[in-house]
Amino acid sequence: MERNPLRRQLQMMRKSFFDQGYLDDQFVQLEELQDEANPNFVEEVVTLYYRDSSRLILSIEQALERKPFDFNKLDAYMHQFKGSSSSIGAKKVKAESTLFREYCKSGNKEGCMRCFQQLKKEYATLRKKLEAYFQLARQAGPMETACRPK
């Protein structure tokens, strides 16, 4: 059992992300790439994800406002967004992206609109959780090794 209370809190927080379905094993794979030479690797990758994906969200919002709906363009944007989300293990965001693409393929405008609102909620929630996690991680100090959640 971890003696450092911050480290213990960090472990419980991390475990909750997996238990609640926010993250999947791809996040663990990112952690396994982090080492002493690059101790902030995961945080840097997640920061880049949010910087780049916010541009995609804006493009999707703009495309949703255009008439007539261009389902092919929306699907292409969401395909890119889903790939980015998958790369950091954003499980709930990825699931909403998949659903959005299904709505695009079936030409369901209302489904796209509803799904996109839910996707933005999941995206923002995960962002807040990860920001708190990385802040606590900086306070707790470096971790020894990454391990899969139990």
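Please refer to the structure placed before this passage.
In short, a report on the structure. What you are looking at is a predicted structure, and each value in this text was computed from that prediction instead of being measured. (Residues numbered from 1 in each chain as written. Predicted model: local features only at pLDDT ≥ 70, side-chain atom pairs only at ≥ 80, totals over all residues. Heavy atoms only, no water.)

1. A word on the side chain of E122
Thought 1: The topology assignment puts E122 in helix α6 (residues 109-140).
Thought 2: Residues contacting E122, with those up to four places away along its chain left out, are Y22, K92, V93 and E96. (Helix = DSSP H or I, 4+ residues; strand = E, 2+ residues; numbered from the N terminus. Contact = heavy atoms within 4.5 Å.)

2. Examining the packing of helix α3 (residues 41-65) against helix α4 (residues 71-88)
Thought 1: Running from N to C, α3 and α4 point in directions that differ by 160°, and their axes come no closer than 10 Å. In terms of orientation, α3 lies roughly antiparallel with respect to α4. For the pair α3 and α4, the sense of crossing is left-handed. Counting all contacts with α3, which are made through V45, V46, Y49, S53, L56, I57, S59, I60, A63 and L64, the residues of α4 involved are L74, Y77, M78, Q80, F81, S84, S85 and I88.
Thought 2: The residue inventory of the contact of α3 with α4, partitioned by class, reads 13 nonpolar, 5 polar and no charged. (Axes fitted to C-alpha atoms, helices over the stretch in contact; angles between N-to-C directions. Parallel < 35°, antiparallel > 145°, perpendicular 65-115°, else oblique. Left-handed = near helix turned anticlockwise from the far one by under 90°. Nonpolar A, V, L, I, M, F, W, Y, C, P; charged D, E, K, R; others polar.)

3. Section: the packing of aromatic side chains
Thought 1: Under the defined criterion, the tally for this structure stands at 10 aromatic pairs.
Thought 2: Geometrically, the ring pair formed by Y50 and Y123 is tilted, given 4.8 Å between the ring centres and 55° between the ring planes. Within this pair, whereas Y50 is found in helix α3, its partner Y123 is found in helix α6, the two being separated by 73 residues in sequence. Y123 shares its class with Y50; the two are buried.
Thought 3: Members of the aromatic cluster, joined through ring pairs, are F17, F18, F27, Y133 and F134.
Thought 4: Sitting above the plane of the Y22 ring, K92 keeps its charged end 4.1 Å from the centroid. (Phe/Tyr/Trp six-rings, centres within 6.5 Å; stacked < 30°, edge-to-face > 60°. Buried < 20%, exposed > 50% of the residue type's maximum accessible area, 1.4 Å probe, protein only. Lys NZ or Arg CZ within 6 Å of the ring centre and 35° of its normal.)

4. A few points about the nonpolar core
Thought 1: In this structure, F27, F81, F100 and L130 are the most contacted members of the largest nonpolar core, which totals 40 residues.
Thought 2: Elements represented by at least two residues in this core include exactly α1 (5-19), α2 (25-33), α3, α4, α5 (91-106) and α6.
Thought 3: Residues in contact with F81, not counting those within four places in the same chain, are Y49, S53, L56, I57, V93, S97, L119 and Y123. (Core = buried A, V, L, I, M, F, W, Y, C linked by side-chain atoms within 4.5 Å.)

5. Brief notes about the environment of S84
Thought 1: Of note, S84 is situated in helix α4.
Thought 2: Residues S84 and Q62, 22 residues apart in the sequence, show an inter-C-alpha distance of 19 Å.

6. Quick notes on the environment of E44
Thought 1: You can see E44 is positioned in helix α3.
Thought 2: Given a relative accessible area of 41%, E44 falls into the partly exposed group.
Thought 3: Through-space distance from the C-alpha of E44 to that of Q11 is 20 Å; in sequence the pair is 33 residues apart.

7. Some details on unusual backbone geometry
Thought 1: A cis amide bond links K67 with the next residue in sequence, P68, at an omega value of -10°.
Thought 2: Structurally, P68 can be placed in the loop between α3 and α4.

8. Looking at α2
Thought 1: Considered for burial, the residues of α2 that qualify are F27, V28, L30 and E31. Here the buried residues of α2 occupy an arc of 155° about the axis, which is enough to place them on one side.
Thought 2: Lining the buried residues of α2 we find α1, α3, α4 and α6.
Thought 3: The backbone nitrogen of Q26 lies 3.0 Å from a side-chain oxygen of the residue at the head of α2, namely D24. (Arc of directions from axis to C-beta. Polar contact = N/O pair within 3.5 Å; in protein donor to acceptor, adjacent residues only side chain to side chain.)

Remember that the coordinates give geometry; whether it matters functionally is a separate question.
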